[in-house]
Every structure is written in C-alpha cells, then in structure tokens.
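Geometric and topological summary
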Amino acid sequence: MFHLDEDDRLALATEEFTTLLGTTPEAIAGTPVEALVSEADRDGLRDAIAAVRDADDRTTRRCSLTFTGDDAPVPATVECAAVGDVVVGSVCRTVEPGDRFEHLFELIQDAVVAFEMIDGVPVVRAVNPAFVDTFGYDRADIVGEPLNDYIVPDGRVEEAVDYDQRTAAGEINYAIVARKTVDGRREFIYRGIPYDSADGRRYGFAIYTDVTESRRQQRRLRVLHRVLRHNLRNDLSVVFGMGEYVRSNALAEPVSDAAERALDAAERLAAVSEKARNVENALDGSAERSVDAASLARTITDGYGADAAIEADLPETLPVAGGTAVYDALDNLVENAVEHTPDGTPVRVTADRDGGEAHLRVADRGPGIPAGERAVVFEDADITNLQHGSGLGIWLARWVAEAAGGGIAYDRTDGWTTVTLRLPLSDDDNVLVPTEPSGAVESSED
C-alpha cells in the first residue's frame, strides 16, 4: 500500500509494498509513482489517480500495470482510492505458491487473511502465521469457514456486514475495528483490499494491525488530563480566594507583597490550564473541513482594534483544509506576536498561495522565540526540561498544520521574527468561517 501527495509522489509506502519492489520505504520516498511502473502503463495509472481525485464520492479505480522493481518486473493490479486529500494505492494480486507474494504473506507481522466473497460472505482461503498467533485458530480450523463467525464480537456483526458489502462492491475498507483474539477483545486498524481472479470471482485480503495499547494509552492520558484540569481549577479557586483575603487584610507590607506574588503565580498557572483546555478542544475537530483562512485572519486582526498595531495584507479569500482549529492556530500566533513586539512597531499578518499550499505569516519585531523552545517545536529536538505557557500556542499551530497535511516554519531576519503556517489549499465549495476560537466553549467532559 502507498500514499501519494498532491504531486503524485510517494508520501508513504509500506514495507510490504517496497519489499515487493526490492527496495525500502526510505529509498523511494518522494519518488513520482509513475517512475515505478513501465512506460506503457503510465497513462492508465495517471487516469486512475485523476479519476479518484476528481470524484465526489468514494470512487475507486483499478488498473493493470507492471512495476519495474530492482529484482524483476512485477505484474500487478492496483486499486486507487481517495481518502480526504490523499490518494491511496493498494496492490491486489493472487498469492501464488512459490512467488514472493507468498513469502511476504507468510512473514508480515500483521495478521492477514485471504478470503473469497461467496454470497456476500468472506470465506477464509488462507491465513498467515501472525493471524494464527493473534486469533488462535489453526489454518485447518478456519480455512473454508466464514471469517466473521470466528473473529467478529457480539454487537459488531452489523458493522462487519457493512464492510463485507463494500468489499463485494469492489471498494477498499480502512477503519478501526474491535475483534475477538486469544487475548480477549482487541482493537485493530483494519484494511480490506478486494481483487478479482481471472475467472471473475471476487477475493480479498484483510490486514489487521493491533493498536489496542496505543489507543488505551491515549484514552488514559485524556482522562488523566481532564481530571487534573478539573482538580486544578477547583484548587486554584481556593488559592485565589484565600490569597485575595490575605492581601486585602494584611497589616504588614511584606505579607501583602507575598500574597500578591502568590496570586500572580496562580494567575499564570490558571492561564496555562486554560490554554491546555483550548488546545485539546481545538484538536478535537475535523482537520478535513475547509475554512476561509483570509476571513479568519481578518476577524482576528480586526478584533484587536486600537489595542494593537497590526498590518494585514490578505487575499479576498483563501480556502484551506484544517477545520475550525485554523482559527485557534492563527489566533495564538497573532496573540504571541502582539505580546512580544515592542511599542510603536506593528505586527504583520500576510497570506498567499504557493503551489498547492497557503502560507499564512505572522511577523513581529520582538526578541524571537527562545532557542531551546524553538529547537523542539521547529527542529524536532528532544523535549527535556521546557517551560511552556505562550509556547503552547506555538505547539497548537504546529499540530493543527500537521493534522491538515501542512507544517510550520520559523525565520529570524533583520530583526523580524516570522512564523509561517503552511496549510493545503482546498477546492471544497462548503467553506466554513468560524467567528471565535473552537476552544471557547467549555468541554462537557470536564
């Protein structure tokens, strides 16, 4: 399986796919996909990719081609599908005894089952050793049997039937599912890849990647985070009340000063907690929604009025992917710039198109982002003993951009600090224009 970027270059390739070609994911990253196939097959591949990119629904397209691998030419059938702005290609080919597909099928660490669709039901034809280890059924026990009867838990049958109907229609499945295993109920990334045999029968592969522990860890962290913030807010309310009482009733100036410092520290702690809540709420939205970044930027800059000098140079419209969290990302970048720019100098907010991306820049004449924090956020240095606060806003901007398929960049030139938010352009007609940060509404789960 492989993913293509907007220029039809390999943004991601699985080890299974690159093993097929006799290479590695690192070696072919960024390679135009058409460079991997014979010249005679390139037009057919281009047509299949264009068809799914232009489709309004979950259209898939198949094409027969030959990969020009390092070891030998590999004839294959490839099915293309669009998942958001990403084109996914899946190789569909019968596993024949003695060829390298059988070697891949046997050695892959994910559980894989080959099946045939009979009257809309997936009937097992082969399983790999990882499937036997994961689900506990020997090949002799399950080959020839309906797959769902063995691994689909109660309450998930209807969902599994929906996936089977998509497979029977020749469509690719990609989802998080729960399945019965030897270790109890587990969660998997499920990829269902259909293909047809020479005699017209419908077959497919189901690949299961266990993500149980990572998803459990995410849920635990989310619960701990919300419980921590809930208790933090409650205890800070007590701190504020007692601190204000001490400050107002202290007879000695040193006691009043100490109360003042305690309240300042509590204010900073409350601000970090509030920003963390806003970050979490912002990232809960869909990164695939299209929003007008130019309108968002104007709303943010206009909101400062006479309180800050802001120069804006923005196009009339600038539809981008990223969802409502784009507002929060821009709002935090502008807030950071306004806070750190000297009096009498403006903050500059500009935006333009560059290829398939929108570049939104926020520039100020402040001292710049400290080197330690900059190295972590912009250069992927290891996180050590960092102090965050306003820095959470920079992190939010990075996460929003990455979730949408873009990125963030930092530049310091001639005394100007510029942070650039890169977001994929969108051609979606249904453009949303949020008028306030998505984190402004309190989470109902706190």
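Please refer to the structure placed before this passage.
So, here's what we can say about the structure. (Residues numbered from 1 in each chain as written. Predicted model: local features only at pLDDT ≥ 70, side-chain atom pairs only at ≥ 80, totals over all residues. Heavy atoms only, no water.)

Notes on the nonpolar core
- Counting residues in each nonpolar core, the largest one holds 40 residues, and the members touching the most others are L318, L330, L360, L421 and L423.
- Sorting the residues of this core by element identifies helix 11 (293-302), helix 12 (325-340), strand 14 (347-354), strand 15 (357-364), helix 13 (371-379), helix 14 (391-403) and strand 17 (416-424) as the ones contributing at least two each.
- Looking at which element gives the most residues to this core, the answer is helix 12, with 8 residues.
- In this structure L423 touches V320, A321, V326, G356, E357, A358, L360, V400, A401 and A404, once residues within four positions along its chain are discounted. (Core = buried A, V, L, I, M, F, W, Y, C linked by side-chain atoms within 4.5 Å. Buried < 20%, exposed > 50% of the residue type's maximum accessible area, 1.4 Å probe, protein only. Helix = DSSP H or I, 4+ residues; strand = E, 2+ residues; numbered from the N terminus. Contact = heavy atoms within 4.5 Å.)

Comments concerning the pattern of salt bridges
- Under the criterion given, the structure shown has 15 salt bridges.
- Across the pair R53 and D8 runs a salt bridge whose closest N-O atoms are separated by 2.8 Å. Linking R53 in helix 3 (residues 42-54) with D8 in the loop between strand 1 (2-4) and strand 2 (10-13), this pair joins segments that are 45 residues apart in sequence.
- Ionic pairing is found between R201 and E116, a salt bridge with its closest N-O pair at 3.4 Å. With R201 in the loop between strand 9 (184-196) and strand 10 (202-210) and E116 in strand 6 (residues 111-118), this residue pair connects regions lying 85 residues apart in the sequence.
- Overall, the relative accessible area of 7% leaves E116 in the buried class. (Salt bridge = Lys/Arg side-chain N within 4 Å of Asp/Glu carboxyl O.)

Some thoughts on the sheet that holds strand 16 (residues 407-413)
- With mixed pairing, the 5 strands of this open sheet are ordered in space as 12-14-15-17-16. At either end of the open sheet lies a strand with only one pairing partner, and these are strand 12 (310-313) and strand 16. On average, adjacent strands in this sheet sit at an angle of 15 degrees to one another, irrespective of strand direction.
- By the bridge criterion, 8 bridges tie strand 15 to strand 17 in an arrangement that is antiparallel. For A358, the partnering residue across the bridge sits in strand 17 and is L423.
- Packing against the sheet, helix 12 makes contact with strand 12, strand 14, strand 15 and strand 17, and its axis sits at approximately 25 degrees to strand 15. (Pairing = 2+ DSSP bridges. Axes fitted to C-alpha atoms, helices over the stretch in contact; angles between N-to-C directions.)

Concerning a nonpolar patch on the surface
- A contiguous nonpolar surface patch, about 270 Å² in accessible area, is contributed by Y245, V246 and V255.
- Within the secondary structure layout, V246 lies in helix 9 (residues 212-249).
- Residue class for V246 comes out partly exposed when judged on its relative accessible area of 35%. (Patch = residues over 30% accessible without salt bridge, like charges linked within 9 Å, V, L, I, M, F, W, Y side chains within 5 Å. Areas by Shrake-Rupley, 256 points an atom, 1.4 Å probe, with all protein chains shown as cover.)

Section: empty space enclosed by the protein
- Counting across every chain of the model gives 2 cavities of 30 Å³ or more.
- Its boundaries defined by the atoms lining it, the second largest cavity holds a volume of some 100 Å³.
- In terms of lining residues, the second largest cavity is bounded by 15 residues, among which L147, N148, D164, Y190 and Y208 are the most central.
- Looking at the lining of the second largest cavity, the elements with two or more residues in it are strand 6, helix 7 (148-151), helix 8 (157-168) and strand 10.
- At 4 residues, the largest contribution of residues to the lining of the second largest cavity is made by helix 8.
- Tallied by class, residues from the lining of the second largest cavity come to 11 nonpolar, 2 polar and 2 charged. (1 Å grid on protein atoms, 1.4 Å probe; cavity = no way out; pocket = protein on both sides within 12 Å on 5 of 7 lines; lining within 4 Å. Points joined across faces, edges and corners; volume = space filled by probe spheres on them. Nonpolar A, V, L, I, M, F, W, Y, C, P; charged D, E, K, R; others polar.)

Quick look at the side chain of T167
- Mapped onto the fold, T167 is located in helix 8.
- Sequence-distant contacts of T167, that is, excluding residues within four places in its chain, are made with F115, M117, N173, Y190, P194 and R202.

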